[in-house]
Every structure is written in structure tokens, then in C-alpha cells.
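As a plain string of letters, each chain reads:
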Amino acid sequence: MAVSDHVDLPTFMEGVKKRNPYQPEFVQAVQEVAEDIFEFMQDKEEYHSQQILRRIAEPDRVVSFRVCWEDDNGNVRVQRGWRVQNNNAIGPYKGGIRFHPSVTESVLKFLAFEQTFKNALTGLPMGGGKGGSNFNPKGKSVREIMRFCQSFMTELYRHIGADIDVPAGDIGVGGREIGFMFGQYKRITNNFTGVLTGKGLEWGGSLIRTEATGYGAVYFLANMLATKSEDLTGKTAVISGSGNVATHAAEKIVQLGGKVLTLSDSGGYIHDPDGIDQEKIDWVKTHKTHRRGRIEEYVTAFPKATFVAGKTPWGVPCDVALPCATQNELLGDDARMLIANGCKAVAEGANMPTDLDGVHVFKAAKILYAPGKASNAGGVAVSGLEMSQNSERRSWKEEELQQMLKDIMSGIHKSCLAYGDQGGGYIDYVKGANIAGFKKVADAMLAFGVV
Ligand code: NDP
């Protein structure tokens, strides 16, 4: 086929929309990647003729299953579970498990698609996958959560394995849930193996896995600021979310001399003009994780802060912003407001928190803007290191792992520069990350022929 005969971007996207009806998040994620990849592929005949992007945008498989469990009152409850195995060209499928009522096949397909590029960017041999359920852990007892996790794993175990597919945590799935799922896997298979990451330190987990996503996002942000000869000292930061990623991002900002002004949850955001220091972050961690509380209660503990119900924090003036809660939480108008208020850099801790309009606003303003697949890759990177430690049957020291995490984030930053440097001091990190991630997966796929 001559290069001029290739389908163009709108035709390609029409096909994606047609094949994936009612899956807006998945279509959005493919669109964001395709915009850059089509330009990159213009003169690369083999990627076209081998339909590489079309193949990456068609998951290897999507497994959907029923998850039955009994609540504490003896009622039978039925949820839907999924595992999306998107692409294993460069290693076993790898990606988290999300328990949240908003989980759909579209959400998990977008996450597995993004994960494919993110994992390639880490430089570690990991393919892309994602899983989860529309189960809502909020308000459930620990025993209900345990029974749900066990039932979920009773089906999932046949689709995963240390060299097949290695899930981890995500929204609603932390160390406790990983423990319940690992326990059930081990019980069913009689096999103690590194089949999940994010495990407890006593049973195969890795140091700094819990901190890695948030810390990594801030290391990436520091790398971006360094291209302008700046650092985080004295910078004000607006952060959304108050879970694993948000609290650890806040912690690293504080360690590097910045001042964190906000945190949030699905109820609204808190604004603390004095700054959310380490002591306050520790309070939030205990409150949200162990007491399962709401961020709203922060203002009772720290009365100088204010709580704004039902809103995201993007209207608070800041130097840097880190969306760390969920997808599509930062819209075009939010992006415009951040820029109008002087925000210089945005590093995504969450996956696809900025909608397409917002992405275009950041790109047009030419600010430092890192997409999640680059800036939040620290978590999966340390998961990859957990897999290596499990294979070696050893545990590496914290200092070694901290250094590896920093090196991996710098490596991802370099890859973004390699393909995203637009000249005149502007780096398009979205383009850089998309192309660097795509190229690695695509070249592996070419080697395998038509499979
Ligand atoms: P947690 O469950 O620990 O925390 C999620 C936070 O986001 C909570 O504060 C939650 O508030 C808020 N949130 C969730 N859904 C919504 C919503 N629909 N609207 C507003 N707020 C919401 O999850 P993580 O911190 O692990 O994950 C956060 C993001 O980071 C996700 O996008 C995840 O995919 C991404 N990520 C996570 C990694 C990890 O290692 N954990 C790795 C890479 C990316 P509430 O308590 O009210 O629900």
C-alpha cells in the first residue's frame, strides 16, 4: 500500500468509535495517543501496513465475570468483575485492580491501553493490563471486603500468573485488599509466587511501593522544572485526591521545599493557606486510610483551613498542580483557570485526569505538562522491581530502590525529551511520552509478525 493510501486520523477514529460504542473513556484515550502517533507514523510504512496502532487499540482479550458474595446480613450480592489484557508484546500484562462503582469496561479498557505505553516508558519488561469491579468498598465492613476479594480472585486466578499477568492495587484496592486476594490465590493454587504486587513486606512486598507513584510524580515534576533552571523550593502546589497517590505526592513536595495548599475527595476540597505539612499529611493518611473518613473533617482538626463542597481545587492560585484523584477531573475551563492564575507546571498523578479539551489548553499555552503515563509511572516501575525481587527471592534495600525510582523517572523524562522537544524551549511531554512508549511496543510487535 502506498503511504498516501493510508487511512487518516479522522477515519481511524471513526472506526474506533464504531467498534467501541458507549465506551467514551476508551475512545478518548485512543484519540489522545493517535493524535501524536499519526504524525510520527507519516513516513513509517511498516507501522501502517502492519496496522500496529489498530492492533494496540484492540485488547488481546477482555475477560468479564460474575462476582457473587454475601453481605453481613446474609443478602446475596452480585457484581461484575473484569480483567483487560491489552498487550503483552514486551512482557507479562501488568496493571492495577480498581474497585469503584464507576468502573465499566470502557474505563478499564482505557486504563489498560494507557498502561501499555506507561509500562514501556519505564524501560522494564512489562505489558499492559488493568482490572477491577463496580464493587463499592465504601461503607462495607472488613469481612465484607474480604469475602468480595476472595470471590473476585476465585475467578481471576485462572487468568493471571507471575509470567502471564501480574495485577496490583488502584483506586479502592490497597495493601489490605491485595492481602485478601493473594491469600485466596495461594489457597486455590497452592503456589506462593509473585502474582500480585503491592504485597506486604512480610510476604514478598517491596519497600517504597506504597510511596512510589506519588514520589515518582514529584521527581518527574522536579525534572521538568529543572529544564527551566527551577526547583520546588517555595513553590505552592494544588493537589486533588487524598488517597495513596495524592498523600505521597504531597509528602514529597513538602520534602523538596514546596507548600501544599489543597487536597480533595469526591465530596469536595480543603484549602489550607498555612500549607499542609508532614504532620497534617500523616493525619490525612490515618483519617482516610484507617478511619475511612472524609476530607471534609480536616477543617475540624485544622480550623484555619476551609472546605469547599462539591468542587475541584483548580481555582486556587498555585505554581504547580498535581491531579491525583481520578479520570476527567480537570476540564478545559479548569486548565484555562490554572493558566490564568499563573500555574507553571502540571504533573498528573492520576490516569487521564485532564480531559481532551484541557490537554489542548495546556499544549497551546506551552506550559510544563506531564501526562500520567509519564509522570505516574513510578508506581508500576517499583511494581516491576517487586517482580524482580520475587524472582530473585531477595529484598533490596530502601536506598537502592529510592535511587532506582529516581533513575527510572529521569529516564522517562529523557525519553519524553527525545521525541517531544519542539524547539524554542518548549517540550511537548504528551507527544514525547506517546511516541517513546508506542515505538518500543510497536517494534516488538513487528518482530512477532501478524499475531
Ligand atoms: P485511592 O483509592 O487511594 O484514592 C483515590 C482518591 O481519589 C480518593 O481521595 C478518592 O476520594 C478520590 N476519587 C476517586 N474517585 C473519584 C471521583 N469520581 N471524583 C472525585 N474524587 C475521586 O487511589 P490511588 O491514590 O491509588 O489512585 C488515584 C489515581 O492514581 C487513579 O487515577 C489511579 O489510577 C492512579 N494511579 C495509581 C497508582 C497507584 O500506585 N496507586 C499508580 C498509577 C496511577 P473518595 O475517598 O471520596 O472516593
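About the cut-offs
- Within any chain, residue numbers begin from 1 and follow the written order of that chain's sequence.
- Given that this is a predicted model, residues contribute local features only at a pLDDT of at least 70 and side-chain atom pairs are listed and counted only at 80 or more, while totals for whole chains, interfaces and linings are drawn from all residues.
- To get the side-chain values, all heavy atoms of the structure are used, and hydrogens and water are removed first.
- Each helix is a run of DSSP H or I of at least 4 residues and each strand a run of E of at least 2, with the numbering of both proceeding from the N terminus.
- We define a polar contact as two N or O atoms separated by no more than 3.5 Å, with the added condition that, inside protein, one atom must be a possible hydrogen donor and the other a possible acceptor, whereas residues neighbouring each other in sequence contribute only through side-chain atom pairs.
- Contact criterion: two residues are considered in contact whenever any of their non-hydrogen atoms come within 4.5 Å of each other.
- Residue ranges labeled as domains rest on an automatic or database domain assignment.
- Buried area: the accessible area, evaluated with a 1.4 Å probe, that two parts lose upon being put together, summed over both parts.
- Two strands pair under a simple rule: DSSP has to find at least two bridges between them.
- Between N-to-C directions, angles span 0 to 180 degrees; the directions come from axes that are lines fitted to C-alpha atoms, helices contributing only their stretch in contact.
- The disulfide definition used here is simple: a pair of cysteine sulfur atoms within 2.5 Å.
- A simple rule labels every residue: compare its accessible area, found with a 1.4 Å probe on the protein chains alone, to the largest value its type can have, and call it buried under 20%, exposed over 50%, or partly exposed in between.
- The span expected for a helix works out to 1.5 Å for each residue beyond the first.
- Across the chain, bend at a residue is computed as the angle between axes fitted to the seven residues ending at that point and the seven starting from it.
- Convention used here: a crossover is right-handed provided that the path from the first strand, over the helix, to the second strand proceeds clockwise when the strands point away from the viewer.
- The nearness test applies per residue and asks whether one of its heavy atoms lies within 4 Å of the molecule or strand.
- Calculation of accessible area relied on Shrake-Rupley with a 1.4 Å probe; when residues are assessed, cover is drawn exclusively from the protein chains displayed.
- Any residue that is not Ala, Val, Leu, Ile, Met, Phe, Trp, Tyr, Cys, Pro, Asp, Glu, Lys or Arg is counted as polar, Gly included; the first ten are nonpolar and the last four charged.
- Should an angle fall under 35 degrees it is called roughly parallel, over 145 degrees roughly antiparallel, and 65 to 115 degrees roughly perpendicular, with every other angle called oblique.

(A) Quick peek at the side chain of Glu-144. Relative to the elements of secondary structure, Glu-144 occurs in helix H6 (residues 142-156). In this structure the side chain of Glu-144 is engaged in a polar contact, spanning 2.8 Å, whose partner is the backbone nitrogen of Asp-72. Not counting the four nearest positions on each side in its chain, Glu-144 is found in contact with Trp-69, Asp-71 and Asp-72.

(B) Just the domain arrangement of the protein, in detail. The assigned domain composition of the protein is domain 1 (61-193) and domain 2 (210-370). For domain 1 and domain 2, the distance between their C-alpha centroids amounts to 27 Å. Counting residues at the interface gives 11 residues for domain 1, matched by 8 residues for domain 2. With both sides pooled, the region where domain 1 packs onto domain 2 buries about 700 Å², and carbon together with sulfur makes up 42% of that total. One can count 2 residue pairs in polar contact (both at pLDDT 80 or more) joining domain 1 with domain 2. Every element with two or more residues in the side of domain 1 that touches domain 2 is listed here: helix H5 (105-121) and helix H7 (175-189). The biggest single contributor to the side of domain 1 that touches domain 2 is H5, with 4 residues.

(C) Structural view of the sheet that holds strand E10 (residues 320-323). With respect to topology, 7 strands assemble into an open sheet ordered E9-E8-E7-E6-E10-E11-E12, the strand pairing being mixed. Across the chains shown, the open sheet's two edge strands, defined by having one partner strand only, are strand E9 (306-309) and strand E12 (368-370). In this sheet, adjacent strand axes meet at a mean angle of 15° when their direction is disregarded.

(D) Expanded view of the state of the cysteines. Inspection of the entire model under this criterion finds 0 disulfides. The thiol of Cys-68 is not disulfide-bonded; the next cysteine sulfur, from Cys-149, is found 15 Å away. Left without a disulfide partner, Cys-318 is nearest to the cysteine sulfur of Cys-343, which lies 4.2 Å away. Exposure remark for Cys-318: the relative accessible area of 4% places this residue in the buried category.

(E) Expanded view of helix H2 (residues 24-41). Taking 1.5 Å as the rise per residue, H2 with 18 residues should run 26 Å; its terminal C-alpha atoms sit 25 Å apart, in good agreement. Largest kink in H2: about 30°, centred on Ala-34. The element H2 is extensively covered by neighbouring structure, given that 14 of its 18 residues are classed as buried.

(F) Seen up close, the pairing of E10. The two faces of E10 match: Val-320 and Leu-322 on one face and Ala-321 and Pro-323 on the other face are all buried. Bridge count for strand E6 (residues 236-240) against E10 is 4 bridges, and the pairing is parallel. In the strand pairing of E10, Ala-237 is matched with Val-320. As paired strands, E10 and strand E11 (residues 345-347) are joined by 2 bridges and run parallel to one another. Its bridge partner being in E11, Val-320 is matched across the sheet by Ala-345.

(G) Geometry of the pairing of strand E4 (residues 127-133). Of all 7 residues that make up E4, 7 are buried, and the element is covered over most of its length. Both faces of E4 are covered, namely the face carrying Gly-127, Gly-129, Gly-131 and Ser-133 and the face carrying Gly-128, Lys-130 and Gly-132. Pairing analysis gives 6 bridges linking strand E2 (residues 76-87) to E4, with the strands arranged antiparallel. Bridge pairing in E4 links Gly-81 to Ser-133. In terms of handedness, the path from strand E3 (residues 93-99) via H5 over to E4 forms a crossover that is right-handed.

(H) Region of the structure containing the site of the ligand. Asp-170, Thr-213, Ser-266, Arg-294 and Asn-351 are the nearest of the 26 residues found near the ligand. Here an oxygen atom of the ligand and a side-chain polar atom of Ser-266 are 2.4 Å apart. Summarising the interface, the protein chains cover 83% of the accessible area of the ligand, which totals 880 Å² for the free molecule. If you list the elements that add at least two residues to the shell around the ligand, you get helix H8 (209-226), helix H9 (244-255) and strand E7 (259-265). Of the residues belonging to the shell around the ligand, the class tally is 5 nonpolar, 13 polar and 8 charged.

(I) Molecular detail of the packing of H2 against helix H17 (residues 429-448). Two elements in contact, H2 and H17, have axes whose closest approach is 9 Å; the angle formed by their N-to-C orientations is 70°. In terms of orientation, H2 and H17 fall into the roughly perpendicular class. Residue-level contacts link Glu-32, Val-33, Asp-36, Ile-37, Glu-39, Phe-40 and Met-41 of H2 to Val-430, Lys-431, Asn-434, Ile-435, Phe-438 and Lys-439 of H17. Of the residues assigned to the contact of H2 with H17, the class counts are 7 nonpolar, 1 polar and 5 charged.

(J) Quick peek at unusual backbone geometry. Unusually for a residue other than glycine, Ile-208 sits at a positive phi of about 60°. Here Ile-208 shows up in the loop between H7 and H8. Judged by relative accessible area, which is 5%, Ile-208 ranks as buried. For Arg-393, which is not glycine, the phi torsion reads 55° and is therefore positive. As for its position among the elements, Arg-393 is in the loop between helix H15 (378-392) and helix H16 (398-420).

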